[in-house]
Amino acid sequence: MVVKNNETGSWLKGAFYLSFAALIVKVLSALYKVPYQNMTGDLGYYVYQQVYPLYGIALVLSTYGYPLVIAKMTADWRNSKDNINLGDRLSVLFIWLFIIHAAAGAGIIIFSETISIWMGDANLTTPLRWMGLPFFMIPFLAVGRGYYQGLENMIPTAFSQVVEQVVRVIAILAVAWVLIKYDPYLAGISAGAGALLGGIAGFITLVAIMKKDVTLTKLLKERVQGIFHFHQTWKKDVKELFTAGFFVSVSAMSLIIFQLIDAFTIYRTLELNGMNQMVAAELKGVYDRAWPIVQMGAVVTTVFSYAVIPYVSKAVALNRREHLQALVKQAIKICLVFGSAATIGLIAIMPHLNPMLFGNAEGTTSLQILSGTVLFAALFMTMAALLHAVGNAGYAAGILLIGIALKVILNILLIPIYSIEGAAIASTTAFVCMSLVLFIILIRKKLMLKWNHSFFIKTIVSLAVMMIVVVMYQWGMTQLIVREWGELNRLLHTLLSLSSAVLGACLFIITIWLFRLFTKKEWEELPKVSKILPYR
């Protein structure tokens, strides 16, 4: 079947809306944690980071995994010649999603005290109890978004994601602002309250923008008896939903899972090794400062490399092997270059970035160590997405499980010795190993072209030049400021951090341009850069 131009344009426009919405969601998800920490302090931020990762995994599934799988299934069913009603099949998926997530939400509510004891802090019971409520909204959002994506209408999903995130962030900050005056632990209910209100807002948005002939209300009111109408297919449908949904979400879940591991191990381990409870909680809050920085760095790094993934899927469908290899290499190359620049840059400016964002320099070393996660998490996320695009998502899921085990073991071994720096080492080491294994798998499966050694040499030299110049600039400016004003305040840290970041970024771009690190085609595909610095 030949696709008409207007259909192609409509699909591309929809894909743009969805991608842009996903970017907004990720950026907001990373950025709001900075004002939250500023508002609630390290103790309040610790409480938030302890409870939110429990829901974060489910949120990834409802935002990315389930909708994508339901969209594919909906498209397939619409073109199917069987006599099974589309509404019946979707109602079955909704029922099972509701059963699973309602059970999970109820479980968190009922066993919140037990979970808080497992985390080592019984004061987390109330915030954890609130965290169970948003689970009840996941089926409504997942089925609604997936259904419309299956109709190739991305606008409802895009708008509902953005509205959900905006309302969630506003609600979290507002609730925290009111309740922090009473108790940092009570302010922790903002995580659950914000997620619940955001989910409700996202669902209302879906309903509000529905087409007149097909409504989500009608979809969700399909007869429940539908589950009994096709014994031969419903089990297969449900299995595909949960299995494929997990595989699709693997790359996006990795950072959240690591935060969940930290929630169950850092505070408890510090306390068991004799640290005062309040000190341990605040120290965990200091450690958690790194996650919004890591998330933001990983998002920015993967934006460009993710752009080639639809073309990878097309190359697989058309069996264009060499083109596929070139695209995979290009995606990893972009991720490696800009991910390493982000990591080295963050390490260099962290002594000023930390007090700029969080008001003091506590935990700078652990934040610098965890900055290494930006590069290797971005590589893992990119390669996992690429493997999914070529039909090998199982590898990424298996490697993630190994990485989780490694993270847990290293946390247990290193935290008693190195405190939060040990947890940072554990996270970075696990992501290094995970990304290296996936890289080897891609090579052995011959999914990318060979690498030139000169590429790595030029990249290292470019990074070294950037690092040396930025460090020298910061040292010189610090000496000048101290001599003139006596000490660095938050405003001066901000000026130094931002000016260092701009200097480092410009210097790095110019250096890789001079070295011709990218081919002419690759360079010209980078947005804006090629217009400012034409390929020579």
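This text follows the structure it describes.
Cut-off values and rules
- For every chain, the first residue of the written sequence is number 1, and numbering continues from 1 onward in sequence order.
- This being a predicted model, a pLDDT of at least 70 is required before a residue's local features are given, and a value of 80 or more before pairs of side-chain atoms are given or counted; all residues contribute to the totals for chains, interfaces and linings.
- In computing side-chain values, all of the structure's heavy atoms are included and hydrogens and water are not.
- By definition, any uninterrupted DSSP run of H or I lasting at least four residues is a helix, any uninterrupted run of E lasting at least two residues is a strand, and each is numbered from the N terminus.
- Every helix has an expected span of 1.5 Å times one less than the residues it contains.
- Categorising residues by exposure relies on relative accessible area from a 1.4 Å probe, with only protein chains included: less than 20% of the type maximum marks a residue as buried, more than 50% marks it as exposed, and the intermediate range marks it as partly exposed.
- In this analysis, a patch consists of residues with relative accessible area above 30% that form no salt bridge, clustered at 9 Å for like charges and at 5 Å for the nonpolar side chains Val, Leu, Ile, Met, Phe, Trp and Tyr.
- Exposure was quantified through the Shrake-Rupley algorithm and a 1.4 Å probe, taking into account, for residues, occlusion by the shown protein chains and nothing else.
- Salt bridge, as applied in this entry: a Lys or Arg side-chain nitrogen positioned within 4 Å of an Asp or Glu carboxyl oxygen.
- For cavity detection a 1 Å grid was placed over the protein atoms alone, and a set of points counts as a cavity when a 1.4 Å probe fits there but cannot get out; an open set counts as a pocket when protein lies on both sides within 12 Å along at least five of seven lines, with lining residues being those that have an atom within 4 Å of a point.
- Grid points are joined across faces, edges and corners, and a volume is the space filled by probe spheres set on the points.
- Amino acids outside the nonpolar list (Ala, Val, Leu, Ile, Met, Phe, Trp, Tyr, Cys, Pro) and the charged list (Asp, Glu, Lys, Arg) are all regarded as polar, and Gly is one of them.

Asks: Account for helix α12 (residues 277–288), naming residues and giving values.
Replies: For α12, spanning 12 residues, the distance from its first C-alpha to its last is 17 Å, which sits close to the expected 16 Å at 1.5 Å a residue. Within α12, burial applies to Ala-280, Ala-281, Lys-284, Gly-285, Val-286, Tyr-287 and Asp-288.

Asks: Tell me about the environment of Lys-521, and name the residues and values.
Replies: Here Lys-521 lies in helix α21 (residues 520–525). Between the C-alpha atoms of Lys-521 and Tyr-535, which are 14 residues apart in sequence, the distance is 9.1 Å.

Asks: Can you lay out a nonpolar patch on the surface for me, pointing to particular residues and giving the numbers?
Replies: A cluster of nonpolar side chains, namely Ile-457, Val-461, Val-465, Val-469 and Leu-503, defines an oily patch on the protein surface of about 340 Å² accessible area. Looking at where Val-461 falls in the secondary structure, it is placed in helix α19 (residues 453–485). Judged by relative accessible area, which is 34%, Val-461 ranks as partly exposed.

Asks: I'd like a description of empty space enclosed by the protein, backed by residues and values.
Replies: Inspection of every chain in the model, using the stated rule, returns 1 cavity of 30 Å³ or more. Estimated volume of the largest cavity: approximately 430 Å³. If you go around the largest cavity, you meet 23 residues; those closest to its centre are Lys-26, Ser-29, Val-60, Ile-256 and Gln-295. For the lining of the largest cavity, the secondary structure elements donating two or more residues are α1 (5–31), α2 (33–78), α7 (155–179), α11 (234–272) and α13 (290–306). Here the element with the most residues in the lining of the largest cavity is α2; it accounts for 9 residues. Partitioned by chemical class, the residues of the lining of the largest cavity number 11 nonpolar, 8 polar and 4 charged.

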